[in-house]
Amino acid sequence: MTQILRINKFNPEADIISQAAALIKSGELVAFPTETVYGLGADALNPEAVAKIFRAKGRPSDNPLILHICDVNQVRDLAHENDVSRAIMQKFFPAPLTLVLKAKDSVPKITRGGLDSVAIRMPDNPIAQSLIESSQVPIAAPSANLSGRPSPTDSQSVFQDMNGKIEMILDGGGLTDFGIESTVIDVSNPGKIALLRPGAFAIETLEKFLNAKVSEPEKISQPRSPGMKYKHYAPKIPVEIICPEDLTLSHANKFANSGFVGINQRAKIFFKRAIIFENVNNYARGLFFAFRELENQDIARIFVEWIPDWGIGRGLRDRISRAAGVDTNQS
Ligand code: TXA
Ligand code: MG
C-alpha cells in the first residue's frame, strides 16, 4: 500500500518533507507535484533507485529522465554548460522548461537512457523544491503515470497508476497549475537551440529572449527526444480530434454516444458528456484529468477540440495529437 500524505502547497510542512526526503535518500520512490504534472521521483545519481522508476512505470529503458534541481549551481556537476544555457536558467528558472545539455559522467547511464546528454529542470513548486533541497540530490522524475497513460495532474490519478508500486505520494491538493509537461529544448549547441518537446513554457517567450528562432523538430527516423516515438497520454477509449467549425448539426450523427473536451460552449448541445473549459490555459490544465474521468463513463469515444498553435496551445496540440494516435512531425 502506498502512503498518501497531504501537504501544504505554499508552505510545505517540514516533517512531511523530511520523511519523503529520507525515502529518496534511501533509494525509494516518492511521487510529488510540480507546476506541470506529478513526478515520480528517485535519487538521480543512484542507478538502483532509478531502475525502480522504469519498473514502476513499465517505461522503455531508452527513454531518459529529467533531473530536477532546486539551485542552478547543481548543474555544474551534472552537465557541460554554456553561455546560452546559463542565461536561460538565470532568466527563467524555476519554470516549466527543461534544458538538454551534454552530460557529465556523474549522471548514471540509466538515468539518461544511455545518451550522452542529460535533461535538467527546476520546477516552480514549493513542495518539489523543498523535497529536492532536503534530499540533497538531483531528483530524476518522469510523469508519475504508467507508461502511455495520461499524465497525472492530481494525487488520485497517481494513486490509480502507482498504488503498491511506490512508497509515498505527496498530495499538494487539487490539480497542478499547467496540466501538461514542460517544454524540452536542446541547448547543447548554443548556436542552434532546438525544440524537442513543446509544452507548458511558451516557445515565443524563449525566442523573444534569445532574439532568435528555436529550430523545429525535424521528421527524422531517430527522434532526438526518445520519448517522442512512443504512443502517449492515451485514455482507454479512442480519442478523435474535432475542429471547432465542425461542431455543427450536420456532423451531429457522428457525435452519438461520445464525450467532448474543449473550450467551445456549443459542444454541450451535441455530446452525452461534455467537459468545457473557459479558456485554453484551463483546457491544458484539465485535459489529462478529463481523459481519466471520461474513460470510465459509458461512452464510445472522446472528441477533443483542436486549438490555435501559439503559447501553451502548441504543447496542448502535441498532447492531443498523441492521445489521438495521429502522426505528428516529431515521431
Ligand atoms: O513537466 C515535466 O517535464 C514532467 C515533470 C514531472 O517534471 N516530467 C516529464 O518527464 O514529463 P517524462 O519522463 O514524462 O518526459 C521527459 C521527456 C521525454 O520525452 C524524454 O525522452 C525527454 O524528456 N528527455 C529526457 N532526457 C533527454 C535527453 N537527454 N535528450 C533528449 N530528450 C530527453
Ligand atoms: Mg511522461
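Quick caveat, the model's predicted, so the values are computed rather than measured.

Rules and cut-offs
Residues numbered from 1 in each chain as written. Chains lettered and ligands numbered in written order. Predicted model: local features only at pLDDT ≥ 70, side-chain atom pairs only at ≥ 80, totals over all residues. Heavy atoms only, no water. Core = buried A, V, L, I, M, F, W, Y, C linked by side-chain atoms within 4.5 Å. Buried < 20%, exposed > 50% of the residue type's maximum accessible area, 1.4 Å probe, protein only. Helix = DSSP H or I, 4+ residues; strand = E, 2+ residues; numbered from the N terminus. Contact = heavy atoms within 4.5 Å. Phe/Tyr/Trp six-rings, centres within 6.5 Å; stacked < 30°, edge-to-face > 60°. Salt bridge = Lys/Arg side-chain N within 4 Å of Asp/Glu carboxyl O. Arc of directions from axis to C-beta. Polar contact = N/O pair within 3.5 Å; in protein donor to acceptor, adjacent residues only side chain to side chain. Axes fitted to C-alpha atoms, helices over the stretch in contact; angles between N-to-C directions. Parallel < 35°, antiparallel > 145°, perpendicular 65-115°, else oblique. Left-handed = near helix turned anticlockwise from the far one by under 90°. Expected span 1.5 Å × (residues − 1). Pairing = 2+ DSSP bridges.

## Some thoughts on the nonpolar core
So, step 1. Core analysis: the largest hydrophobic core is formed by 46 residues, its most contacted members being Leu40, Ile88, Leu97, Ile166, Ile185 and Leu206.
So, step 2. Per-element tally for this core: the top contributor is helix α2 (residues 47-57), with five residues.
So, step 3. Excluding its chain neighbours within four sequence positions, the residues that come into contact with Ile185 are Ile88, Leu97, Thr98, Leu99, Val100, Ile193, Ala194, Leu195, Leu196, Ile203 and Leu206.

## Thoughts on the packing of aromatic side chains
So, step 1. As enumerated under the stated definition, the model contains 10 aromatic pairs in all.
So, step 2. Consider the rings of Phe255 and Phe303, whose centres lie 5.3 Å apart with planes at 80 degrees: the pair is edge-to-face. Remark: Phe303 occurs in strand β15 (residues 301-305) and Phe255 occurs in the loop between β12 (239-242) and β13 (258-262); sequence separation between them is 48 residues.
So, step 3. The interplanar angle of 50 degrees and the centroid separation of 6.5 Å between the aromatic rings of Phe288 and Phe291 together place this pair among those described as tilted. Taken together, the positions of Phe288 and Phe291, both in helix α8 (residues 280-294) and three residues apart, correspond to about one turn of that helix.
So, step 4. The class for Phe288 is buried, based on a relative accessible area of 0%.
So, step 5. Under the relative-accessibility criterion, Phe291 is labelled buried at 0%.
So, step 6. Connected via pairs of aromatic rings, a cluster forms that spans Phe255, Phe260, Phe270, Phe271 and Phe303.

## Remarks on the pattern of salt bridges
So, step 1. If you walk through the whole model with that rule in mind, you get 17 salt bridges.
So, step 2. In this structure, Arg319 engages Glu181 in a salt bridge whose closest nitrogen and oxygen atoms are separated by 2.7 Å. Of this pair, Arg319 sits in helix α9 (residues 312-323) while Glu181 sits in the loop between β9 (168-171) and β10 (183-186), and the two are 138 residues apart along the sequence. We note that Arg319, like Glu181, is buried.
So, step 3. Between Arg319 and Asp318 there is a salt bridge, with the nearest N and O atoms lying 2.6 Å from each other. Asp318 shares its class with Arg319; the two are buried.

## Overview of helix α3 (residues 83-92)
An α-helical turn contains 3.6 residues, so a residue and the one three or four places further along point in the same direction.
So, step 1. Every buried residue of α3 is accounted for by Val84, Ser85, Ile88, Met89 and Phe92. Buried residues of α3, viewed axially, fall in a sector of 130 degrees; they line one side. Opposite its buried face, α3 presents the exposed residues Asp83, Gln90 and Lys91, each directed more than 90 degrees away.
So, step 2. For α3, the elements touching its buried residues are β6 (97-103), β10 and α6 (203-210).
So, step 3. Among the residues of α3, the N-terminal cap falls to Asn82, whose side-chain oxygen and the backbone nitrogen of Val84 are separated by 3.1 Å.

## Quick notes on the packing of α8 against α9
So, step 1. Look at α8 against α9: their axes get within 9 Å of each other, and the N-to-C directions meet at 25 degrees. As judged from the angle between their axes, α8 and α9 are roughly parallel. Here α8 runs over α9; the crossing is left-handed. Together, Val280, Asn281, Tyr283, Ala284, Leu287, Phe288 and Phe291 of α8 and Ile312, Gly313, Leu316, Arg319, Ile320 and Ala323 of α9 make up the contact between the two elements.

## Description of helix α1 (residues 14-25)
So, step 1. Across its 12 residues, α1 extends 16 Å between first and last C-alpha, which sits within 8% of the 16 Å expected from 1.5 Å per residue.
So, step 2. Every buried residue belonging to α1 is among Ile16, Ile17, Ala20, Ala21, Leu23 and Ile24, and all of these are buried. Take α1 and look down its axis: the buried residues cluster within an arc of 155 degrees, on one side only.
So, step 3. Its buried side turned inward, α1 meets β1 (3-6), β2 (30-33), β3 (38-43), α4 (126-135), β8 (139-140) and β9.
So, step 4. Where α1 terminates, the next one or two residues include Gly27, which has phi positive at roughly 85 degrees.

## A word on the pairing of β3
So, step 1. Counting buried residues along β3, six of its six residues qualify, which places the element largely inside the surrounding structure.
So, step 2. Pairing between β2 and β3: four bridges, direction antiparallel. Of the residues in β3, the one forming a bridge with Val30 is Gly41.
So, step 3. From the end of β2 to the start of β3, which pair antiparallel, there are four residues.
So, step 4. Relative to β8, β3 runs antiparallel, the two being bridged by two bridges. Each bridged residue has a counterpart across the sheet, and for Ala42 the counterpart in β8 is Ala140.

## Here we look at the sheet that holds strand β14 (residues 273-276)
So, step 1. A sheet is described by the order of its strands in space; here four strands give the open sequence β12-β15-β13-β14, paired in parallel fashion. Bordering the open sheet on either side are β12 and β14, each of which pairs with just one other strand. When the angles between neighbouring strand axes are averaged without regard to direction, this sheet yields 20 degrees.
So, step 2. Inspection of the sheet shows β13 paired to β15 by four bridges, in the parallel sense. What sits directly across from Val261, in β15, is Val304.

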